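Residue-level structure breakdown
What follows is each chain in one-letter form.
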Amino acid sequence: MPAPTRVRAQTPPELPRPVLFFDVLDLPARIDEPRLKKNTNQYVLSCALANRSGEQLVGLRLTLLVVESSGKLRTRVSWNEAATVPAYSIKTFEFNPIIKGEINSSATLFLGIDEVIGRETIWRTVDSDRLLRAYARGQHDLIPKVQTLINKFDPPRMAAPVSLRKPPPPPEKKQ
């Protein structure tokens, strides 16, 4: 007769939670269908990232707010992500915010983009933290301002130089 095996009570896997996205229309990036899921020991934010500009994007700075059902801000997490997205395209990503502790099932999650980094330009939302907190409180009438800066850190992708001169004639053959 085989020895009895122990059966451990396993908790069912956590379902992905919807995240409300605060879209700043003047930014070249938009996040579609963000969902947060806890894997074994970390949180994963899966989403689609749309590039609304004619410039390749190379990174983002994001902020995630966890707001309790009472309206109290419980957690604020900001982090940077490398995200290469060609001009006028959309791509799916899994980002990894570092969230300590558990998130209450009754909490609401809010996501905003603080900064978008393109090959040639950096776009920053002015007072992004204050705007995202106001959005979480139900103030949806605020109009964000966006600063644009020249990206001096990431070299733009250069096309191969094109010569406008005629090539030299081939050397004459001596006979």
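Please refer to the structure placed before this passage.
Residues numbered from 1 in each chain as written. Predicted model: local features only at pLDDT ≥ 70, side-chain atom pairs only at ≥ 80, totals over all residues. Heavy atoms only, no water.

1. Quick look at the pairing of strand β4 (residues 43–51)
Condition: Between buried and exposed lies partly exposed: a residue is buried under 20% and exposed over 50% of the maximum accessible area for its type, with that area taken using a 1.4 Å probe on protein chains only. Secondary structure elements follow DSSP: runs of H or I of four or more residues count as helices, runs of E of two or more count as strands, with numbering from the N terminus. Following DSSP output, two strands are said to pair if at least two bridges run between them.
Most of β4 sits out of view: eight of its nine residues are buried. Where strand β3 (residues 29–38) meets β4, eight bridges bridge the pair, whose relative direction is antiparallel. Directly across from R35, in β4, lies its bridge partner S46. Here β3 hands over to β4 after four residues, the two strands then running antiparallel side by side. Bridge analysis of β4 against strand β7 (residues 90–95) gives six bridges, and the strand direction is antiparallel. Within β7, the position partnered with S46 by the bridge is E94.

2. Description of the environment of Y43
The condition that has to hold: Every residue pair with non-hydrogen atoms within 4.5 Å of one another is taken to be in contact. Polar contact is the term for a pair of N or O atoms within 3.5 Å; when the atoms are in protein, one must be able to donate a hydrogen and the other to accept it, and sequence-neighboring residues count only if both atoms are side-chain atoms.
Along the polypeptide, Y43 turns up in strand β4. Assessed through its relative accessible area of 3%, Y43 is described here as buried. Each C-alpha atom, one on Y43 and one on F95, is 8.5 Å from the other, the two residues being 52 residues apart in sequence. Sequence-distant contacts of Y43, defined by excluding residues within four places in its chain, comprise L36, K37, K38, F95, N96, P97, I99, G101, E102 and I103. A polar atom in the side chain of Y43 sits 3.4 Å from the backbone nitrogen of I103.

3. Examining the packing of aromatic side chains
Stated formally: Only Phe, Tyr and Trp rings take part, Trp by its six-membered ring, and two of them pair if their centres are within 6.5 Å. Stacked means planes under 30 degrees apart, edge-to-face means over 60, and tilted covers everything else.
For the structure shown, the criterion picks out three aromatic pairs. A ring pair is formed by F93 and F95, whose centres lie 5.3 Å apart and whose planes are at 15°; its orientation type is stacked. Per residue, the accessibility class of F93 equals that of F95, and both read buried. Geometrically, the ring pair formed by F110 and Y135 is edge-to-face, given 6.1 Å between the ring centres and 90° between the ring planes. With F110 in strand β8 (residues 108–118) and Y135 in helix α1 (residues 128–136), the pair connects residues that are 25 residues apart, well separated along the chain. Classification of F110 as buried rests on a relative accessible area of 7%.

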